[in-house]
Every structure is written in structure tokens, then in C-alpha cells.
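# Topology and contacts: notes
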Amino acid sequence: MDNITVLTIADRIACFHSLKPFLFCKTGVKFTFTCSPEFCLKKDKNKVLVMMRQFIKPDRVDLDLMRALRKKYGRIAFFHDDAGGGIPRLEVLPYTDLFYCKAAFKDREIYKRPLYGKELYSDYYHRKYGVQDPGWTDRPVIRDVRDLDKLRISWNIGIGDFPRGKTRQRAGYMAARYFGIPAVKPFYRKNAEFHPEANKEIFDAHCRIGLISRPSINFQRSLILDTVKNDRAFITGMVGQAAFNKEIKNSKITVSPFGWGELCLRDFEAVQNGSLLLKPDMSHIETWPDVFIPEETYVPFDWDAKTLVEKTHFYLENVTERKRIAGNAYAAYCSALKNLDERFNTIITEILS
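Below or above, wherever it landed, is the structure these notes cover. Remember, it's a predicted structure, so these values are computed and weren't measured experimentally. (Residues numbered from 1 in each chain as written. Predicted model: local features only at pLDDT ≥ 70, side-chain atom pairs only at ≥ 80, totals over all residues. Heavy atoms only, no water.)

### Thoughts on the pairing of strand β4 (residues 75-80)
Within β4, 5 of the 6 residues are buried, leaving the element largely enclosed by the surrounding structure. Bridge count for strand β3 (residues 48-52) against β4 is 5 bridges, and the pairing is parallel. Within the sheet, the bridge partner assigned to Leu-49 lies in β4 and is Ile-76. (Buried < 20%, exposed > 50% of the residue type's maximum accessible area, 1.4 Å probe, protein only. Helix = DSSP H or I, 4+ residues; strand = E, 2+ residues; numbered from the N terminus. Pairing = 2+ DSSP bridges.)

### Points about the sheet that holds strand β13 (residues 299-301)
A sheet is described by the order of its strands in space; here 5 strands give the open sequence β9-β8-β10-β11-β13, paired in parallel fashion. Only two strands of the sheet have a single neighbouring strand rather than two, namely β9 (234-235) and β13. Pairing geometry for strand β8 (residues 203-206) and β9, over 2 bridges, is parallel. Bridge pairing in β9 places His-206 opposite Ile-235.

### Some points on the packing of aromatic side chains
For the coordinates displayed, the defined rule picks out 27 aromatic pairs. Seen from their ring centres, Phe-258 and Trp-303 are 5.8 Å apart, and the 85 degrees between their planes marks the pair as edge-to-face. In this pair, Phe-258 sits in the loop between β10 (251-255) and α9 (265-272) while Trp-303 sits in the loop between β13 and α10 (308-317), placing the two residues 45 residues apart along the sequence. Accessibility classification places Phe-258 together with Trp-303 in one group, the buried group. Joined through ring pairs, the aromatic side chains of Phe-22, Phe-31, Phe-33, Phe-79, Tyr-100, Trp-155 and Phe-344 make up one cluster. Between Lys-185 and the ring centre of Phe-24, over which it is positioned, the NZ or CZ distance is 5.4 Å. (Phe/Tyr/Trp six-rings, centres within 6.5 Å; stacked < 30°, edge-to-face > 60°. Lys NZ or Arg CZ within 6 Å of the ring centre and 35° of its normal.)

### Digging into the pattern of salt bridges
Taken as a whole and judged by the stated rule, the model has 29 salt bridges. Between Lys-57 and Asp-11 there is a salt bridge whose closest N-O contact spans 2.8 Å. Of this pair, Lys-57 sits in the loop between β3 and α4 (63-72) while Asp-11 sits in the loop between β1 (2-7) and α1 (12-18), placing them 46 residues apart in sequence. On the basis of relative accessible area, Lys-57 is assigned to the exposed category, the value being 56%. Relative accessible area serves as the criterion here: at 5%, Asp-11 is assigned to the buried category. In this structure, Glu-269 and Arg-164 form a salt bridge, with 2.7 Å as the shortest nitrogen-oxygen distance. Of this pair, Glu-269 sits in helix α9 while Arg-164 sits in the loop between β7 (151-153) and α6 (166-179); the two residues are 105 residues apart in sequence, bridging distant segments of the chain. (Salt bridge = Lys/Arg side-chain N within 4 Å of Asp/Glu carboxyl O.)

Here you go:
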């Protein structure tokens, strides 16, 4: 049996989304989970290392550690775990064999140039509207074109544990921190099922959007809220998690802006509940599961939110078309989940090869 060490952190995203295939998918590989780089360097006997969600907290790459790990392991696969197409930790690429992303730019040439605020859309708002981030510094870019060949798409947050339950998930990742990553498994929802046909369509357009501290990332969210503030079709403001889940479950349309990356949990919460997903244009992004096919599985609007209100009212009035797109999205999502084991095993095979 092949053995792979998984160096990870134990937070909510890692435990309930990113690591799910390692915990539940059937494979002939034995995984050793650790949150300790020291264990990897001094005690680990395995020759293959997966790095999951590293250098995010804090947001700083330890190049000395990467050099030491490169000397220790025969194969290193780095799972970049940000939610967007931007890759702020590109400096790890020379020390890895494979580099997996939740999402990546379809045009890989973008990684050769700096982006303000680390994402394509934050760069857009900076250039067009002059949005500034206090204390911002440039991120690395790809200088060796051979490193582009290491980039792969793994899976995004859509494969994770839904619907969200903050208390349950907090208890789960705390258990993982104290007793080891596999201790989170009992905290996953058992046989969670979604029934889009149960959507009572009580609400027109769900638009409860929280704001983000970084101006260039937050700008789109503020723009959307300003655009819809006088339209009664949109429900805005903040509510607790239970109320949020119930509202999306009964909304005709869900507006899902970009956050720290293009991908958001509510993208998949909308799809699971038969709510039509309206989202800023995603045509620049490659990801999996892919529920971002324009006018087929979601409805895009422009990054300046000029078409948001018009498109919302169009699909509120055109019920058949709204349900067709929402139904397509749910079918595409379910199909992807059925293929998760196969996709995971293909990735593991590539890492080991």
C-alpha cells in the first residue's frame, strides 16, 4: 500500500471542505495526517507529501521550510486552497512537483503579471475606480514558464459539508486540532440530502451580503448593495446562519458576489436548493464542480453590477427559464459529486506517478 503524508491546518474550510476526499473517498492509499512541519522533517518515514492550505495563516511563505521539505521528500503536491483564481503563493512552485488549485485562470498567462489585491477582479476595481488597499505589497509572479505545467484543478468548496452549521463544524475542527484530523469525520452531516423541489419561493432575490475588510476585495460587494438598495425584490442585511440557510432554501434567486475569491459557499447553497444563481461573470475561471456555464447553470452579470437589477427582474418574471437553469445547475452538481471518488483517485495516481 502506498503512503502519503498530508500536512494541513485544522480550520473549518480544511476540515469540512478541502480534506473531505482524503477522509471519505475510497482509495488504496494510506494517509498520515499532521499539522506539524517538524513531524514531517524529523519523524515522517513517507516519501510523498501533500501540503494542504499551507502559508494561509499567517499569509507568508516559509521558503526555508520549503527547501527542507524538498530535500526530504521524493514527491511534493501543493494544494493551493484559496477560493479564487489568483495564486498569492507562487514562490512555492519551484519546490513542488504538482500544484493543485480550487480555481485557476483559464488564461494561464495572467500568472506572469502582477495583480493588485491578488485577484483579477481586485485588480480591475483598482485600475477602473482607483480602489487602494492600505499596506499592499506586490505578490510574486511566474517567471519560469515551466512552472505553469505544474498547475492542475483539484476540487472546490462545493464538494464539502452542507448545509453550514457553525456550532457543529466548530466542534469538529476543534476535535481535529486536539485528536488528529480524522476526528472530524463524525461531525459531518449524515446523508445530507437536498430537495430543490421543496423550495417554496417565499423570497424573490436573496442578497444578504457581508462586507470584507480589504477595500479592493470588498468593492464589488459594496457596489452590489448600493445598486439594489432601493429595490424591494432584494432582501439584504445580516441574519444568523440558521435563518440564512432557511432563506436560501426558499429563495427564487440568490445573488452571490465574489469574496476572498470568486468561489463562495452560497454558490453551491443556491444550487443545492433550486435557487437560481446570479453571480458576477465567471468566464475567466476554470474550476470543478463547474456550475458556472452562462445561461445554462447560472446567470452572469457584469462586474460593475449595471445589469444585475434588470436580469433579476427578467428571471423573476420568466419562471420556466429560471427553473430550467436552476435545474441544470443541480443536475450538473449532483453529477460531479457522483464522480468525486474517480476524480480523487486520478489525482492521487498522478501524485504518486
